[in-house]
Number of protein chains: 2
Amino acid sequence: MITVLVVDDDFMVARIHRGFVERIDGFEVVGTANSGDQAVAALADLRPDLVLLDLYLPDVFGLDLIARLRAVRPEVDILVITAAREAEAVRGAVRQGVVNYLLKPFGFEDLRTRLQEYARRRASVPEQVTSQADVDRVLAPARPHVNRLPKGLSQETADLVAAALRTTSDNLSAAECAEKVGISRVSARRYLEYFCTRHQAEVALRYGTTGRPERRYRWTT
Amino acid sequence: MITVLVVDDDFMVARIHRGFVERIDGFEVVGTANSGDQAVAALADLRPDLVLLDLYLPDVFGLDLIARLRAVRPEVDILVITAAREAEAVRGAVRQGVVNYLLKPFGFEDLRTRLQEYARRRASVPEQVTSQADVDRVLAPARPHVNRLPKGLSQETADLVAAALRTTSDNLSAAECAEKVGISRVSARRYLEYFCTRHQAEVALRYGTTGRPERRYRWTT
DNA sequence: GGTGGTTGAGTTCATTGTGGTCACAGGCAG
DNA sequence: CTGCCTGTGACCACAATGAACTCAACCACC
């Protein structure tokens, strides 16, 4: 369970955000704050994993608050939720390593996809990185527009391929997956590789056979 | 022109990094530092845009230095260059918004692609964001596939061989590595020799056995 | 000490079955 | 009809393999 602190100067908005977060599996709101000082105090007291931070607070600008929050609890993650559209605000937030920057106003689905993406990324950090590729996986942010598939891919086919992978405890080759779903090998491979870039699936090569090694896909988690 | 400060406790390594950066168009090294205190002073004095930061410094751990650097100059960007492979180091660096995390040892091309990607991202921030899509572009830029391997080698197998070599404190022969990874001796040797050309691995001949001398590989550093 | 045989690893290469690409077909919307 | 998307068959490229070959050190015998 990922614990969350909601920070927003507007009491009603904080309540709405709290309601949103509590509807998402795996997240739990442990408190709310309406000012920078309250946020620092709540952080020390409640020790949340994640802070939903509005930038416009009565006593301090949100970006300047981040350093204070980190001083109290270095391992906290920050997700900025604000109406601030200045480039300097976005750059400053990114520079301080916020996990996301969500513009107000937004809908429940916007927040949900971003929190779920954060949860997945958080869980997928290996205990020990061995190669630069591992590091890049942690650095590389997953594509935004979680629902939005790249050109050439359809949601319906993606669901079918995902379902086929999930229902297989063993792993699948592109050809096997194609036969199981009922599509061509080319299409199956395209979707499987897409899932790999999203880290929803992982691939391992099977050696030993003569000929080129076989890519075998497995659904993660 | 992007101004750079190079920070590494090893004087020679700092010099090598300086040479690398100066060979890249659009970048200019304005100074080097060999400790945390020197880095803070140089940052205040030289006001660079970017710091190449080693994490292992004599007076302070690099991640703890970042906050001090930001206190002096909030708009500075950090690119971590280190041999630190602990997950906590990578996560801590990402949490503080480093622009990249490059594992030692690395080649000139590795640094060049990453710096150029940084320069491109830096230049492409719009003055004013209007939609969430603009924000997402800043947060999640498309990460180009770097580290192009020569023909006949695959990234997945290269990772496996590198991992096998690194997890062996002792050194390995081609045959031993092949068995450990699960590939043929011929393939193992091909990857091992590739790592040697990249200076990511080094080879020593072992005599004394009957037959032709054996090439034993060891991961550098 | 020279010399040829033995040994085991380095090296080359044709083979192989999958990976990846390309241009096109069918469908849907404007 | 035109343009755009999505899936497909066909074709070539490609990575790994094992067998055959070469090579460098060792060893025994003369």
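Residues numbered from 1 in each chain as written. Chains lettered and ligands numbered in written order. Predicted model: local features only at pLDDT ≥ 70, side-chain atom pairs only at ≥ 80, totals over all residues.

Where an unreviewed UniProt entry is consulted, chain A appears under the name Transcriptional regulatory protein, with the organism given as Kribbella hippodromi. Taken verbatim from the UniProt record of chain A, the Subcellular location (unreviewed entry) comment is "Cytoplasm". (UniProt positions renumbered as here; feature names shortened; annotations may be inferred.)

Novice: So, the overall build of chain A: which residues are in play, and what are the values?
Specialist: Along its length, chain A carries 9 helices and 8 strands. When burial is assessed residue by residue, chain A has 28% of its 221 residues classed as buried. Within chain A, contacts between residues at least 6 apart in sequence are counted, and of these 53% link residues at least 24 apart. (Helix = DSSP H or I, 4+ residues; strand = E, 2+ residues; numbered from the N terminus. Buried ≥ 20, exposed ≤ 12 C-beta atoms within 10 Å, placed from the backbone. Contact = placed C-beta atoms within 7 Å.)

Novice: I'd love a proper account of helix H8 (residues 174–181) of chain A, names of residues and values included.
Specialist: Side chains three or four residues apart in an α-helix point the same way, a direct result of the helix having 3.6 residues per turn. Residue and element names in this part refer to chain A. Of all the positions in H8, only Ala174, Cys177 and Ala178 are classed as buried. Projected down its long axis, H8 shows its buried positions confined to an angular sector of 105 degrees, all on one face. The elements touched by buried residues of H8 are helix H7 (155–166), strand E6 (172–173), helix H9 (185–197) and strand E8 (214–219). One or two positions beyond H8, positive phi appears at Gly182, with a value near 100 degrees. (Arc of directions from axis to C-beta.)

Novice: Break down the sheet that holds strand E7 (residues 201–206) of chain B for me, citing the residues and quoting the values.
Specialist: All names here are of chain B. Spatial ordering of the open sheet is given by E6-E8-E7, a layout of 3 strands whose pairing is antiparallel. The sheet terminates laterally at strand E6 (172–173) and E7, the two strands that pair on one side only. Running at roughly 115 degrees to E7, helix H9 (residues 185–197) makes contact with E7 and strand E8 (214–219) of the sheet. (Pairing = 2+ DSSP bridges. Axes fitted to C-alpha atoms, helices over the stretch in contact; angles between N-to-C directions.)

Novice: Which residues make up the pairing of strand E2 (residues 27–33) of chain B, and what values go with them?
Specialist: All names here are of chain B. With 6 bridges joining them, strand E1 (residues 2–7) and E2 adopt parallel strand pairing. Residue pairing across strands places Val7 opposite Ala33, the latter belonging to E2. Considered for its hand, the β-α-β crossover made up of E1, helix H1 (residues 11–22) and E2 is right-handed. (Right-handed = clockwise from strand over helix to strand, strands pointing away.)

Novice: Talk me through the protein's contact with DNA strand D; I want residue IDs and the actual numbers.
Specialist: Around DNA strand D sit 31 residues, and of these A:Thr157, A:Ser184, B:Thr157, B:Ser184 and B:Ser187 come closest. Those elements that provide at least two residues to the surface near DNA strand D are H9 of chain A together with H9 of chain B. Its residues assigned to classes, the surface near DNA strand D comprises 11 nonpolar, 16 polar and 4 charged. (Near = placed C-beta within 6 Å. Nonpolar A, V, L, I, M, F, W, Y, C, P; charged D, E, K, R; others polar.)

Novice: Could you give me a rundown of the packing of helix H7 (residues 155–166) of chain B against helix H8 (residues 174–181) of chain B, with the residues and numbers involved?
Specialist: Residues and elements named next belong to chain B. Where H7 contacts H8, the axes come no closer than 10 Å and their chain directions differ by 110 degrees. Between H7 and H8, the angle is such that the two are roughly perpendicular. Pair H7 / H8 crosses with right-handed handedness. Here Leu160, Val161, Ala164 and Leu165 of H7 come into contact with H8, specifically with Cys177, Lys180 and Val181. Across the contact of H7 with H8, the residue classes break down as 6 nonpolar, no polar and 1 charged. (Parallel < 35°, antiparallel > 145°, perpendicular 65-115°, else oblique. Left-handed = near helix turned anticlockwise from the far one by under 90°.)

Novice: Summarise the protein's contact with DNA strand C; cite the residues concerned and give the values.
Specialist: Taken together, 20 residues lie near DNA strand C, and A:Gly211, A:Arg212, B:Gly211, B:Arg212 and B:Arg215 sit nearest. For the surface near DNA strand C, the elements supplying multiple residues, two or more each, are H8, H9 and E8 of chain A together with H8, H9 and E8 of chain B. Along the lines of polarity and charge, the residues of the surface near DNA strand C split into 6 nonpolar, 6 polar and 8 charged.

Novice: Got a sec to walk through the confidence of the model for chain A? Specific residues and values, please.
Specialist: Here chain A averages 85 in pLDDT, while 88% of its residues score no lower than 70. A low-confidence stretch, residues 142–146 of chain A (pLDDT under 50), is modelled with 11 contacts involving residues beyond four sequence positions or located in other chains. (pLDDT = per-residue confidence, 0-100.)

Novice: Describe the nonpolar core, and please don't skip the residues or the numbers.
Specialist: Ranked by size, the top nonpolar core spans 36 residues in total, and within it B:Val4, B:Val7, B:Val51, B:Val80 and B:Ala93 carry the most contacts. With sequence-adjacent residues up to four places away left out, B:Val7 is seen in contact with B:Ala33, B:Ala39, B:Val51, B:Leu52, B:Leu53 and B:Asp54. If you look at the next biggest cluster of nonpolar residues, it comprises 34 residues, including A:Val21, A:Val29, A:Ile78 and A:Val80. (Core = buried A, V, L, I, M, F, W, Y, C linked by C-beta atoms within 7 Å.)

Novice: Any chance you could break down the environment of B:Gly19 for me, citing the residues and the numbers?
Specialist: All names here are of chain B. With respect to the helices and strands, the residue Gly19 is situated in helix H1. Accessibility expressed as a C-beta count within 10 Å gives 12 for Gly19, which makes it exposed. With 89 residues separating them along the chain, Gly19 and Phe108 place their C-alpha atoms 9.5 Å apart.

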